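Fold and contact review
Next come the chains, spelled out residue by residue.
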Amino acid sequence: AQSVSQHNHHVILSEAASLELGCNYSYGGTVNLFWYVQYPGQHLQLLLKYFSGDPLVKGIKGFEAEFIKSKFSFNLRKPSVQWSDTAEYFCAVRGGSYIPTFGRGTSLIVHP
Amino acid sequence: GAGVSQTPSNKVTEKGKYVELRCDPISGHTALYWYRQSLGQGPEFLIYFQGTGAADDSGLPNDRFFAVRPEGSVSTLKIQRTERGDSAVYLCASSPAPGELFFGEGSRLTVL
């Protein structure tokens, strides 16, 4: 069975700080990987995804993530966060089935 | 609208009552998913439809939970004899293919 671990449950940063959120998954085969974001009062929306090809994936709003197969990781990064990045971030993995499994999420608070 | 629509947005019920939650997916999306999200947790898979049939219902917690999608579009999640532990946000998502999920705003269920 596939599973996802997000080790940082709460992150607090000041504006312009760099961000890295950890995501590790367990699944032995080919995977699709996702990061979703949920802004306060809004629905979950896709930030970026990896299916194949270049392991460095760029998403919306300056976010990027790197798939490192040997480490079973798909960490999310942003070089300089903004107050508007305050949100919940969820990593998800889809392995052998059509069903993405989500991590428990990371709450990011960015102070202006 | 163009997005996934869920009704009701909020539902308060008493323990033991029957509840129905509705999901209207994006037109043309053949795949439909139900997830449940408790406070401080990530989305937890319940059931996945491909067309009219439930392709995977392994996430339904017990036989009080049931979902249908009779015409391959709108889906209804049905919960019988509700319990306080059923309180959560029920999320619906649709997808055109095995790809990213498009989520609705969710239905917040509170069982008193």
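Use the structure listed above.
All values reported here derive from a predicted model rather than from experimental measurement. (Residues numbered from 1 in each chain as written. Chains lettered and ligands numbered in written order. Predicted model: local features only at pLDDT ≥ 70, side-chain atom pairs only at ≥ 80, totals over all residues. Heavy atoms only, no water.)

Right, let's get into the pairing of strand S7 (residues 65-68) of chain B. Residues and elements named next belong to chain B. Going residue by residue along S7, you find Phe65 and Ala67 tucked away on one face and Phe66 and Val68 left uncovered on the opposite face. As defined by bridge partners, S7 adjoins strand S8 (residues 75-79) across 4 bridges and the pair is classed as antiparallel. Note on S8: the bridge partner recorded for Phe66 is Lys78. Linking S7 to S8, which pair antiparallel, is a turn of 6 residues; within it Gly72 sits at a positive phi near 75°. (Buried < 20%, exposed > 50% of the residue type's maximum accessible area, 1.4 Å probe, protein only. Helix = DSSP H or I, 4+ residues; strand = E, 2+ residues; numbered from the N terminus. Pairing = 2+ DSSP bridges.)

Opposite the 18 residues of chain A that make contact, chain B presents 18 residues. Overall, the association of chain A and chain B removes approximately 1,600 Å² of surface from exposure, summing both partners, and the carbon and sulfur fraction of that is 58%. One can count 1 salt bridge joining chain A with chain B. Across the chain A-chain B interface, the total number found is 6 residue pairs in polar contact (both at pLDDT 80 or more). Elements with a contribution of two residues or more to the side of chain A that touches chain B: strand S5 (32-38), strand S6 (45-50) and strand S10 (87-94) of chain A. Among the elements that line the side of chain A that touches chain B, the one with the most residues is S5(A), at 3 residues. Split into classes, the residues belonging to the side of chain A that touches chain B amount to 10 nonpolar, 5 polar and 3 charged. (Contact = heavy atoms within 4.5 Å. Buried area = accessible area lost by both parts, 1.4 Å probe. Salt bridge = Lys/Arg side-chain N within 4 Å of Asp/Glu carboxyl O. Polar contact = N/O pair within 3.5 Å; in protein donor to acceptor, adjacent residues only side chain to side chain. Nonpolar A, V, L, I, M, F, W, Y, C, P; charged D, E, K, R; others polar.)

With that settled, the discussion passes to the state of the cysteines. Throughout this description, disulfide means a covalent bond between two cysteine sulfur atoms. Going through the model one piece at a time under the given rule, you end up with 2 disulfides over all chains. The disulfide partner of A:Cys23 is A:Cys91, and the S-S distance across this bridge is 1.9 Å. Taking the sign of the S-S torsion, about -65° here, the bridge from A:Cys23 to A:Cys91 comes out left-handed. Placement of the pair is A:Cys23 in the loop between strand S3 (19-21) and strand S4 (24-26) and A:Cys91 in strand S10, with a sequence separation of 68 residues. Note on A:Cys91: relative accessible area 0%, which makes it buried. Between B:Cys23 and B:Cys92 runs a disulfide, and the two sulfur atoms are separated by 1.9 Å. (Disulfide = S-S within 2.5 Å.)

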